[in-house]
Amino acid sequence: MNNVPPLDLSRQYALIGDEVSAAVLDVLASGRYIGGPAVASFEQSFASYIGVSESVGCNSGTDALFLALRALKIGLGDEVITTPFTFVATAEMISAVGAKPVFVDIKAETFNLDLDKLEAAITSKTRAIMPVHLFGQPLDMTRLMAIASSHDLAVIEDCAQSTGAEWDGQKVGSIGHIGCFSFFPTKNLGACGDGGAVTTNDPAIAATVRMLKEHGQSARYLSEEIGVNSRLDALQATILQIKLRHLDTWNSQRRAAAQRYHQLLSPVPRVTLPQELPGGKGVWNQYTISLKSQEKSNSIFPAPHLPPSPHLRDLVRSKLQESGIGSMVYYPLPLHLQPVYKSLGYQQGSFPVAEQAGSEVLSLPIFPELSRDQQDRVIYGLKDCLTGLAEFSD
Ligand SMILES: *Cc1c(COP(=O)(O)O)cnc(C)c1O
């Protein structure tokens, strides 16, 4: 039987390979590798896809976050509120500009910032909120923007995992003051290398980002500020331009796969499914379940003793692996417990929901080309493995 990988990018290439190869050869022959019409035209297409007036390409999602913070002049002495349950780049860039990340716990159902706890974290030093639409699921942006505006705070959306996701009919990355996107190959819109973009409706912010990403030069060889070198190159822009045309189809294929997981996994004991908020339209960069050693309260199944959650998740993961089914753990250790953030003074117990998620989450294979058969294998594999474990501990 074929294995089920967590992600299979070669299948996407097989689908659009001819078109991509031809376009790439054209760029190679053109001699224009940095900047030029390919980059400008992708920036325009991406801005109109997201529904903003400005999009600026850069080297990565990490750089997009850095450039966004710098464009808002956030730095030493400032605080930025974000989630501890995300890829390190989110908080890392807050630190990189000299500001201090302030964490707020997440909601177990969505893995996103708990907005009930947000206001308590706002101080006189807070300059911005940096929400992450984790795993492709949008936050309640209506409520977040209301909180931000009542405290006069900027909102920088980390959309790295959520290209194409919508809140209340609007694409994420067009609702806050700035949106930051990653085109890392595993994201919903992925390049064949690194890439990123900053989106905004504010022309002044876009102009500052353009300056900062070109060494802080306002004109060639006229340096205004300390900047960086962060470019989206012509090859990546060309590939992204082609892929952007397929993104809505791919995202709806991901949505269909998620729907199927919802249906077929909901009766499985010990599996808690990810939830989508009523106003949100997620794009399922990951389909992430939680594995609980304690039985769900509404379950009709008896509750045999099982190993504690971290063990259960890890056991399940290795059992799946043995039967050729890939899965991933995003993220085992929340940021407030990472060695690099020891100095912030948080402890075990500071953010119990994020900590529990870290020990229970398992991301199942999801990508547009995932076949029904493959998905069935994942579902039966998971059921088998949880039944087997229950019998074992009885
Ligand atoms: C991938 C990712 C980033 C960083 O993007 P890169 O392009 O890899 O630099 C930032 N934030 C989140 C939530 C991500 O998933």
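Residues numbered from 1 in each chain as written. Predicted model: local features only at pLDDT ≥ 70, side-chain atom pairs only at ≥ 80, totals over all residues. Heavy atoms only, no water.

**Some remarks on the side chain of K243**
This is how it is decided: Runs of E in the DSSP output that reach at least two residues are strands. Runs of H or I that reach at least four are helices, and both are numbered from the N terminus. Burial classification: accessible surface area is computed with a 1.4 Å probe over protein chains only, and a residue below 20% of its type maximum counts as buried, one above 50% as exposed, and the rest as partly exposed. In summary, the charge assignment counts Lys and Arg as positive and Asp and Glu as negative, without counting His or the chain termini. We define a salt bridge as a side-chain nitrogen of Lys or Arg found within 4 Å of a carboxyl oxygen belonging to Asp or Glu. Polar contact is defined as a pair of N or O atoms within 3.5 Å, subject to the rule that within protein one atom must be able to donate a hydrogen and the other to accept it, and that residues adjacent in sequence are counted only when both atoms are side-chain atoms. Only heavy atoms matter for contacts: two residues are in contact if any of them lie within 4.5 Å across the pair.
Looking at the element boundaries, K243 is found in helix α7 (residues 234-244). It turns out K243 is buried and unbridged, and the closest side chain with the opposite charge, E369, is 8.3 Å from it. Of the polar contacts made by the side chain of K243, one reaches the side chain of Q12; its length is 2.6 Å. If we ignore the near neighbours within four places in the chain, the residues touching K243 are Q12, I16, L189, G190, A191 and W250.

**Side note on the packing of helix α1 (residues 9-30) against α7**
For clarity, the threshold we go by: Between the N-to-C directions of two axes lies an angle of 0 to 180 degrees, each axis being a line fitted to C-alpha atoms and, for a helix, fitted only over the stretch in contact. Under this scheme an angle from 65 to 115 degrees is roughly perpendicular, one under 35 degrees roughly parallel, and one over 145 degrees roughly antiparallel; angles in between are oblique. By the definition used in this description, the sense in which the near helix is turned from the far one sets the handedness, with an anticlockwise turn below a right angle giving left-handed and a clockwise turn giving right-handed. Side-chain classes are defined by residue name, with Ala, Val, Leu, Ile, Met, Phe, Trp, Tyr, Cys and Pro counting as nonpolar, Asp, Glu, Lys and Arg as charged, and the others, Gly among them, as polar.
Viewed as axis vectors pointing N to C, α1 and α7 meet at an angle of 140°, and their least axial separation amounts to 9 Å. Taken together, the axes of α1 and α7 are oblique relative to one another. The handedness of the crossing between α1 and α7 is right-handed. Touching Q12, I16, E19, V20, A23, V24, V27 and L28 of α1 are A234, L235, T238, I239, I242 and K243, all from α7. Here the residues of the contact of α1 with α7 are counted per class, giving ten nonpolar, two polar and two charged.

**Quick notes on empty space enclosed by the protein**
Formally: Buried and open spaces are told apart on a 1 Å grid over the protein atoms alone, a cavity being a set of points where a 1.4 Å probe fits but cannot get out and a pocket being an open set with protein on both sides within 12 Å along at least five of seven lines. Residues with an atom within 4 Å of a point are the lining residues. Grid points are joined across faces, edges and corners, and a volume is the space filled by probe spheres set on the points.
The tally for this structure, following the rule as stated, stands at two cavities of 30 Å³ or more. Here the largest cavity is characterised by a volume of approximately 80 Å³. Lining the largest cavity are 13 residues, and of these L7, L9, Q12, R254 and P368 lie nearest its centre. For the lining of the largest cavity, the residue count by class is five nonpolar, four polar and four charged. Its volume calculated, the second largest cavity comes out at about 50 Å³. Looking at the second largest cavity, the residues that line it are E109, T110, F111, L134, F135, Q137, P274, Q275, W284, Q286, Y287 and T288.

**A look at the pairing of strand β15 (residues 361-364)**
Using the following cut-off: Between any two strands, at least two bridges found by DSSP are needed for them to pair.
Of the two faces of β15, the one lined by V361 and S363 and the one lined by L362 and L364 are each fully buried. Pairing geometry for strand β14 (residues 287-291) and β15, over four bridges, is antiparallel. Along β15, the bridge assignment pairs S290 with V361.

**Notes on the site of the ligand**
The line we're drawing: A single heavy atom is enough: if one lies within 4 Å of a molecule or strand, its residue is considered near that molecule or strand. For every accessible area listed, the method is Shrake-Rupley and the probe measures 1.4 Å; residues are considered covered only by the protein chains on display. Molecules are considered to sit inside a cavity or pocket once more than half of their atoms lie within 2 Å of its grid points.
G61, T62, Q161, S182 and K187 are the nearest of the 13 residues found near the ligand. Take T62: an N or O atom from its side chain is 2.5 Å from an oxygen atom of the ligand. For the ligand, an oxygen atom lies 2.8 Å from a polar atom in the side chain of K187. Bound to the protein, the ligand loses 92% of the 380 Å² it would expose on its own. Taken atom by atom, the bulk of the ligand overlaps the largest pocket. Elements represented by at least two residues in the shell around the ligand include exactly α3 (61-71) and α4 (89-96). Residue classes in the shell around the ligand are distributed as four nonpolar, seven polar and two charged.

**Points about a nonpolar patch on the surface**
Rules: Nonpolar side chains (Val, Leu, Ile, Met, Phe, Trp, Tyr) within 5 Å and like charges within 9 Å form the patches, drawn only from residues with over 30% relative accessible area and no salt bridge.
Together, L25, L28, Y33 and I34 make up a nonpolar patch on the protein surface, roughly 400 Å² of accessible area in all. Mapped onto the fold, L28 is located in helix α1. Overall, L28 belongs to the partly exposed group, its relative accessible area being 41%.

**Notes on helix α8 (residues 247-265)**
Our working rule: By this rule the span expected of a helix is its residue count minus one, scaled by 1.5 Å.
Taking 1.5 Å of rise per residue, the 19 residues of α8 would be expected to cover 27 Å, and the 26 Å separating its terminal C-alpha atoms lies within 8% of that figure. Within α8, burial applies to L247, W250, N251, R254, A257, A258, R260, Y261, H262 and L265.

**Some remarks on the packing of aromatic side chains**
Threshold: Between 30 and 60 degrees the pair is tilted, below 30 it is stacked and above 60 it is edge-to-face, where a pair is any two Phe, Tyr or Trp rings, Trp via its six-membered ring, whose centres lie within 6.5 Å.
Under the counting rule described, the total for this entry stands at 15 aromatic pairs. Measuring from ring centre to ring centre gives 6.0 Å for F85 and Y331, while their planes differ by 80°; the resulting arrangement is edge-to-face. Of this pair, F85 sits in the loop between β2 (79-82) and α4 while Y331 sits in the loop between α9 (309-322) and α10 (352-360), and the two are 246 residues apart along the sequence. Residue F85 is classed as buried on the basis of its relative accessible area, which comes to 1%. One aromatic cluster is present, built from ring pairs that chain together F85, F111, F135, Y330 and Y331.

Note that every value here comes from positions in space, so none of it alone points to a role or purpose.
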